[in-house]
Number of protein chains: 2
Amino acid sequence: MTSRVGKASLRSKIMSAQEAATFIKDGDNVGMSGFTGAGYPKAVPVALAARIREEHAAGRPFSVGVWTGASTAPELDGALAETGGVRTRLPYQSDPVTRARINEGTIDYNDIHLSHLGPLVREGFLGNLDVAVIEVTAITDDGRLIPSSSIGNNKVWLDEADKIVLEVNSWQSMDLEGMHDVYEKFALPPYRQPLQMTRPGDRIGQPYLSVDNEKIVAIVETEQSDRNTPFKPLDETSKAIAGHFIEFLEHEVSRGRLPKELLPLQSGVGNIANAVLAGLLDSKFEGLTSYTEVIQDGMVELIDAGKLTVASATAFSLSPDAAEQMNNDAARYRRNIILRPQEISNHPELIRRLGVIACNGLIEADIYGNVNSTHIMGSRMQNGIGGSGDFARNAYISCFVTPSTAKGGAISAIVPFVSHVDHTEHDTSVIVTEQGLADLRGLAPRKRAKLIIEKCAHPTYRPMLEEYVERAGKVANGQHTPHDLMRAHEWHQRFIAEGTMMPGR
Amino acid sequence: MTSRVGKASLRSKIMSAQEAATFIKDGDNVGMSGFTGAGYPKAVPVALAARIREEHAAGRPFSVGVWTGASTAPELDGALAETGGVRTRLPYQSDPVTRARINEGTIDYNDIHLSHLGPLVREGFLGNLDVAVIEVTAITDDGRLIPSSSIGNNKVWLDEADKIVLEVNSWQSMDLEGMHDVYEKFALPPYRQPLQMTRPGDRIGQPYLSVDNEKIVAIVETEQSDRNTPFKPLDETSKAIAGHFIEFLEHEVSRGRLPKELLPLQSGVGNIANAVLAGLLDSKFEGLTSYTEVIQDGMVELIDAGKLTVASATAFSLSPDAAEQMNNDAARYRRNIILRPQEISNHPELIRRLGVIACNGLIEADIYGNVNSTHIMGSRMQNGIGGSGDFARNAYISCFVTPSTAKGGAISAIVPFVSHVDHTEHDTSVIVTEQGLADLRGLAPRKRAKLIIEKCAHPTYRPMLEEYVERAGKVANGQHTPHDLMRAHEWHQRFIAEGTMMPGR
């Protein structure tokens, strides 16, 4: 294998992951690459975990702050959280071990909008960034970096870290070269400039990550695939949700409120999102575009079918099969796919201007349209808000999708009062379940409640919701958003105590 | 008096308010000018109210949808709400009669971000706009309009309404001509273009409102002052809040995290905002700028003192004295003041780019940083979210200010769990009360709770909050954001039942 470290003078920095991990000290903040299980470092975090264990075994304290793009993989979040040596974690995670540590109260987790972390770090609000650990596809002859399967916050980490550790992963296709568009002119106010992008396919940067080569202290060569979780086969619930959503889009086009090619689509990660994409594949829509966080299997299929002309994102989130296909055909796919820094993929300015149609999952919504995307029964963190707030808040139409129940019916996704709010009533345009779709735009709260209960709630929970509304109307101190506050979270409390929101089970 | 209707052919449209009101029919949606009691029509709404009463007295139904920029005045919101003929109201109000109607459930109020209404109407989501009723300072010889003391949504209403009624108010100073900057290139996606503004003082439009003269059906001449509510003298609580906030700004400058001229300031309306502005007058800050919704007395004083170089807003909100001063000296003030459409003053793209420091009031905040700006005890609408969401969500630093108690101590502004969420934990950087300031940036929820209780809560409520935190830590199903859901709203419920949040009083 020819070395992918093109610049000769950097080859002296090639070393083992164990050696590279020694550059990370107790107390450091470490900026890692990685976004939805793509492009995260595969070797150094594991070596760092071993080092933390050794230090702990020797009775010495060792903890780090872990900053990433978004979620990573067991080799990063899992391995490090296992050691108990993660002090702080931000801005997003979806790892079972990390989640357990957060909910036992031993990791301080700061759950923030994905577009906000870069600026916060550049502004210096979060303290010094000591080390960056970044996976790349290759280093060019002149010392620039070809990004791998995600960009995330890599540009921020490279700019801001004192020391840089690179992982050069030869599993990543060399044909990714040219797919990325790295905006380089980030500035803090008052020096920020307009982002001169008017279409999802516009390029406003360059295909490489520039980096001060003097800061590179270690290079580790790897050859290991991304996490690439297989998606489950589409179930009937997901297909029904997708059906309602696509019917809504068709309706909006027929009313002249959306162009026939729609507007750029954003979708959260997961099975419902893939069902929507599968639904679009079977629909009559043509000339679609996407301005989103992650490229999923369904988007690749839409590109193959000639229905999706541009997919802009910051990362892949592919099944193993689709990842292999991408690796083989990256030269072709880079005509349609652009990967950008997450500050750009999730930028409020661009989401607003492009008129993105946002479609995100949720944990629960309430009868007035407030959405909880993060917490189980109010206290327990699931994953985090991720980019959903970046999109929902500034979208043209902000849609949330969910099955109407969870845990075999023990949980209703539609509740009287959500146990945590991540997206307010002001930012929710549409809610969709397999039962139907509620278009909340322009409606006062009581009208929203009627519609959400009728269209979205599961039939077994509808009478309980109607009863809540009726009672709230009687006891509330105002009829704008009537609540019975003492019973607003009764359902959640019942679930905690009895394992179901449904009484008498 | 020379007529301010410059274009000769339009003078035939001059008529009484009573005649003009007959252009409004039962069932119409009416777009009115007006923003924080400035620039609202003074005659036609009163005439319309009389007409509605007559129709109702004759047994005929008559109701309208009332759309504005933001709040107006008794002559508009009060007069119309009194009749019972307001069917829907959006996007904001602060009128006692309207509020009562909303809370008795007879007006459907849609409380939405001020920057969102324009696009929603242009997109056609909210139905047809039948009539616009717009106050202007004058009509030029070629039929363009010189705006008055607010712009708000006037450009949208002029563009979208079938029929236009103008009120030409000779109380407004002719020297306002040239102060306004009306962006005219609004487009729906996919045709939106970057807003080429990088400083709060940049002009990107023209000083007049263009309008299709064919749509003008009536012109009513008035001579009546704006609402111009006097501000109360600054109290010790407001001064203490302002002191903490300004100390924070100085601290940020000293840490190199803000430039010495700060960044453009946004502030909500009211006494605390004016106290902050008064505090800035006494501070060492120079070369300040403002990118905000409304020009208040304190800003005028800062301009007079040479400390504020640019104030960009969409409206005035002045005391009677300051309004008179503005009317006399508008030719001088227009060197420093720019009034813009609210789509621009509140635009996410510009707020984010300019790095606005947002400072908004609140009704209550909870221990984890969620903010309620709109509801009294969960159900009862006070005013509305207004522009606070536009600013908080995309600000460089998002601050919320409030006295730590209300109603003589019967209400704590810091509660275990807010009874309504308008700004989530993700969008709250800083909370300030007269007790102190909590900088929440980068903190996990439990650390935020500790800080908010210590710095912001009133001492009489601190032990109750600490007790809640302790109990929540024991009963919660997770330690990320520990809550005791059954008791989360106990304080609110106690207030509803007993008139105080404090037990045993």
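Residues numbered from 1 in each chain as written. Chains lettered and ligands numbered in written order. Predicted model: local features only at pLDDT ≥ 70, side-chain atom pairs only at ≥ 80, totals over all residues. Heavy atoms only, no water.

- The name given to chain A in an unreviewed UniProt entry is Putative succinyl-CoA--acetate CoA-transferase, with the source organism recorded as Mobilicoccus pelagius NBRC 104925.
- Turning to chain A, the UniProt annotation filed under Sequence similarities (unreviewed entry) states: "Belongs to the acetyl-CoA hydrolase/transferase family." (UniProt positions renumbered as here; feature names shortened; annotations may be inferred.)

1. Some words on the interface of chain A and chain B
And then number 1: Taken together, the contacts link 88 residues of chain A with 88 residues of chain B.
And then number 2: Taken over both partners, the interface formed by chain A and chain B buries close to 7500 Å², and the fraction arising from carbon and sulfur atoms is 52%.
And then number 3: Between chain A and chain B we count eight salt bridges in total.
And then number 4: With its nearest N and O atoms 3.4 Å apart, the salt bridge here joins Asp 390 of chain B to Arg 393 of chain A.
And then number 5: Here the side of chain A that touches chain B takes five residues from helix 12 (residues 348–354) of chain A, the largest share from any one element.
And then number 6: Residues of the side of chain A that touches chain B, tallied by class, amount to 33 nonpolar, 33 polar and 22 charged. (Contact = heavy atoms within 4.5 Å. Buried area = accessible area lost by both parts, 1.4 Å probe. Salt bridge = Lys/Arg side-chain N within 4 Å of Asp/Glu carboxyl O. Helix = DSSP H or I, 4+ residues; strand = E, 2+ residues; numbered from the N terminus. Nonpolar A, V, L, I, M, F, W, Y, C, P; charged D, E, K, R; others polar.)

2. Observations regarding the packing of aromatic side chains
And then number 1: Per the stated rule, a full pass over the model turns up nine aromatic pairs over all chains.
And then number 2: Ring geometry for Tyr 461 of chain B against Trp 491 of chain B: centres 5.6 Å apart, planes inclined by 35 degrees, an arrangement best described as tilted. With Tyr 461 of chain B in the loop between helix 14 (445–455) and helix 15 (462–475) and Trp 491 of chain B in helix 16 (residues 490–498), the pair connects residues that are 30 residues apart, well separated along the chain. Neither Tyr 461 of chain B nor Trp 491 of chain B differs from the other in exposure class; each is buried.
And then number 3: Sitting above the plane of the Phe 125 of chain A ring, Arg 441 of chain B keeps its charged end 3.7 Å from the centroid. (Phe/Tyr/Trp six-rings, centres within 6.5 Å; stacked < 30°, edge-to-face > 60°. Buried < 20%, exposed > 50% of the residue type's maximum accessible area, 1.4 Å probe, protein only. Lys NZ or Arg CZ within 6 Å of the ring centre and 35° of its normal.)

3. A look at the pairing of strand 8 (residues 216–222) of chain B
Within a regular beta strand, the side chains point alternately toward one face of the sheet and then the other, so they alternate between its two faces.
All names here are of chain B.
And then number 1: Burial runs high along strand 8: six of the seven residues are buried.
And then number 2: Pairing geometry for strand 7 (residues 163–169) and strand 8, over six bridges, is parallel. Residue pairing for strand 8: Ile 164 is matched across the bridge by Ile 216. (Pairing = 2+ DSSP bridges.)

4. Digging into the side chain of Thr 83 of chain B
All names here are of chain B.
And then number 1: With respect to the helices, strands and loops of the structure, Thr 83 is situated in the loop between helix 3 (74–82) and strand 3 (86–90).
And then number 2: One polar contact links the side chain of Thr 83 to the main-chain carbonyl oxygen of Leu 80, over a distance of 2.6 Å.
And then number 3: A polar atom in the side chain of Thr 83 sits 2.9 Å from the backbone nitrogen of Gly 85.
And then number 4: Excluding residues within four positions of it along the chain, Thr 83 makes contact with Ala 49, Ile 52, Arg 53, His 56 and Arg 101. (Polar contact = N/O pair within 3.5 Å; in protein donor to acceptor, adjacent residues only side chain to side chain.)

5. Concerning the packing of helix 7 (residues 236–254) of chain A against helix 8 (residues 271–282) of chain A
Residue and element names in this part refer to chain A.
And then number 1: Remark: helix 7 packs on helix 8, axes separated minimally by 8 Å, with the N-to-C direction vectors making an angle of 55 degrees. Classified by the interaxial angle, the pair formed by helix 7 and helix 8 is oblique. Handedness of the helix 7/helix 8 crossing: right-handed. Facing helix 7, whose interface residues are Ser 238, Lys 239, Ile 241, Ala 242, Phe 245 and Ile 246, helix 8 presents Asn 271, Ile 272, Ala 275, Val 276, Gly 279 and Leu 280.
And then number 2: Grouping the amino acids of the contact of helix 7 with helix 8 by side-chain chemistry returns eight nonpolar, three polar and one charged. (Axes fitted to C-alpha atoms, helices over the stretch in contact; angles between N-to-C directions. Parallel < 35°, antiparallel > 145°, perpendicular 65-115°, else oblique. Left-handed = near helix turned anticlockwise from the far one by under 90°.)

6. Some words on the relation of the copies chain A and chain B
For the pair of chain copies, the relating operation is a rotation around an axis with a shift along it.
And then number 1: Superposing chain A onto chain B takes a rotation of 180 degrees combined with a translation of 0.0 Å along the rotation axis, leaving an RMSD of 0.0 Å. Viewed as a symmetry operation, the transformation between the two copies matches a two-fold axis. Of every C-alpha in chain A, the one belonging to Glu 349 of chain A sits nearest the axis of rotation, 2.1 Å from it.
And then number 2: The fraction of interface residues of chain A whose copies in chain B are also interface residues reaches 100%, indicating that both copies meet through the same surface. (Least-squares fit on C-alpha atoms with pLDDT ≥ 70 in both.)

7. A few points about the domain arrangement of chain A
Many descriptions give the size of an interface as the accessible area lost when the pieces come together.
Residues and elements named next belong to chain A.
And then number 1: If you check the domain split of chain A, you get domain 1 (8–222) and domain 2 (236–458).
And then number 2: A straight line from the C-alpha centre of domain 1 to that of domain 2 covers 27 Å.
And then number 3: Across the contact, 49 residues belong to domain 1 and 47 residues belong to domain 2.
And then number 4: Summing the contributions of domain 1 and of domain 2, the shared interface buries around 3800 Å²; its carbon and sulfur component is 58%.
And then number 5: If you sort the residues of domain 1 by the area they bury against domain 2, Met 179, Leu 195 and Pro 200 come out on top, with a joint share of 19%.
And then number 6: Counting every contact that joins domain 1 to domain 2 gives two salt bridges.
And then number 7: Of the charged contacts in the structure, one is a salt bridge between Arg 340 and Asp 181, with a shortest N-O distance of 3.2 Å.
And then number 8: Our count for the domain 1 to domain 2 interface comes out at 31 residue pairs in polar contact (both at pLDDT 80 or more).
And then number 9: Contributions of two or more residues to the side of domain 1 that touches domain 2 are made by helix 4 (96–104) and helix 5 (114–123). (Domains from an automatic or database assignment.)

8. What about the sheet that holds strand 23 (residues 414–415) of chain A?
Residues and elements named next belong to chain A.
And then number 1: Overall, mixed pairing links the three strands, which are arranged 17-16-23 in an open sheet. The sheet terminates laterally at strand 17 (371–372) and strand 23, the two strands that pair on one side only.
And then number 2: Taken together, the two bridges between strand 16 (residues 364–366) and strand 23 define a ladder with parallel strand orientation. The partner of Ala 365 across the bridge, within strand 23, is Ile 414.

9. Remarks on the environment of Glu 221 of chain A
Residue and element names in this part refer to chain A.
And then number 1: With respect to the helices, strands and loops of the structure, Glu 221 is situated in strand 8 (residues 216–222).
And then number 2: Taking relative accessible area as the criterion, Glu 221 reaches 36% and is therefore assigned partly exposed.
And then number 3: Among all residues touching Glu 221, those that are not within four sequence positions of it are Ser 3, Arg 4, Val 5, Ile 14 and Val 168.
And then number 4: Within the structure, Glu 221 has its side chain in polar contact with the side chain of Ser 3 (distance 3.4 Å).

10. Details of the sheet that holds strand 23 (residues 414–415) of chain B
Two modes of strand pairing occur in sheets, parallel and antiparallel, and in both the strands are linked by backbone hydrogen bonds.
Residues and elements named next belong to chain B.
And then number 1: Taking strand neighbours across the sheet as the criterion, the three strands line up as 17-16-23 in an open arrangement whose pairing is mixed. Looking at which strands have only one partner, the edges of the open sheet turn out to be strand 17 (371–372) and strand 23.
And then number 2: Pairing of strand 16 (residues 364–366) with strand 17, which is carried by two bridges, proceeds in the antiparallel orientation. Within strand 17, the residue paired with Glu 364 across the bridge is Asn 372.

11. Things to note about the UniProt feature "domain: Acetyl-CoA hydrolase/transferase N-terminal" (unreviewed entry) in chain A
And then number 1: Here the UniProt feature "domain: Acetyl-CoA hydrolase/transferase N-terminal" (unreviewed entry) sits at residues 10–221 of chain A.
And then number 2: Between the end C-alpha atoms of residues 10–221 of chain A there is a gap of 13 Å, over a span that is 25% helix and 19% strand.

12. Re the environment of Pro 503 of chain A
Residue and element names in this part refer to chain A.
And then number 1: Within the secondary structure layout, Pro 503 lies in the segment after helix 16 (490–498).
And then number 2: Here Pro 503 falls in the partly exposed class, since its relative accessible area comes to 41%.
And then number 3: Pro 503 sits 12 residues away from Trp 491 along the chain, and the two C-alpha atoms are 8.6 Å apart.
And then number 4: If we skip the residues at most four places from it in the chain, Pro 503 touches Met 464 and Arg 494.

13. Some points on the nonpolar core
And then number 1: Counting residues in each nonpolar core, the largest one holds 151 residues, and the members touching the most others are Leu 166, Phe 316 and Ile 337 of chain A together with Leu 166, Phe 316 and Ile 337 of chain B.
And then number 2: Of all the elements, helix 7 of chain A adds the most residues to this core, at seven residues.
And then number 3: What Phe 316 of chain B contacts, discounting residues up to four positions off in sequence, is Phe 35, Thr 36, Ala 38, Ser 149, Leu 176, Met 179, Ile 295, Met 326, Ile 337 and Leu 339 of chain B.
And then number 4: Ile 452 of chain A together with Phe 417, Ile 452 and Ala 457 of chain B belong to the second largest nonpolar core, which has 68 residues in total. (Core = buried A, V, L, I, M, F, W, Y, C linked by side-chain atoms within 4.5 Å.)

14. Here we look at helix 14 of chain B
And then number 1: Listing the buried residues of helix 14 of chain B in full gives Pro 445, Arg 448, Ala 449, Ile 452 and Ile 453 of chain B. With its buried residues spanning 125 degrees around the axis, helix 14 of chain B presents them on a single face.
And then number 2: On the buried face of helix 14 of chain B, the contacting elements are strand 4 (108–109) of chain A together with strand 16, strand 23, strand 24 (430–432), strand 25 (437–439) and helix 15 of chain B. (Arc of directions from axis to C-beta.)

15. Looking at the environment of Met 326 of chain A
And then number 1: When you line up the elements, Met 326 of chain A lands in helix 10 (residues 320–333).
And then number 2: Through-space distance from the C-alpha of Met 326 of chain A to that of Gly 389 of chain A is 29 Å; in sequence the pair is 63 residues apart.

16. Things to note about unusual backbone geometry
Glycine aside, residues mostly have negative phi, and peptide bonds are mostly found in the trans state.
And then number 1: Between Leu 90 of chain B and the following residue, Pro 91 of chain B, the backbone shows a cis peptide bond with an omega angle of 0 degrees.
And then number 2: Along the polypeptide, Pro 91 of chain B turns up in the loop between strand 3 and helix 4 (96–104).
And then number 3: Cis geometry marks the peptide bond from Pro 189 of chain B to Pro 190 of chain B; its omega dihedral reads 10 degrees.
And then number 4: If you trace the backbone, Pro 190 of chain B turns up in the loop between strand 7 and strand 8.
And then number 5: Although it is not a glycine, Met 377 of chain A adopts a positive phi angle of roughly 55 degrees.
And then number 6: Structurally, Met 377 of chain A can be placed in the loop between strand 18 (375–376) and strand 19 (380–381).
And then number 7: For Met 377 of chain A, a relative accessible area of 5% gives the class buried.
And then number 8: A positive phi angle, near 45 degrees, is found at Asn 228 of chain B, a position not held by glycine.
And then number 9: In this structure, Asn 228 of chain B sits in the loop between strand 8 and helix 7 (236–254).

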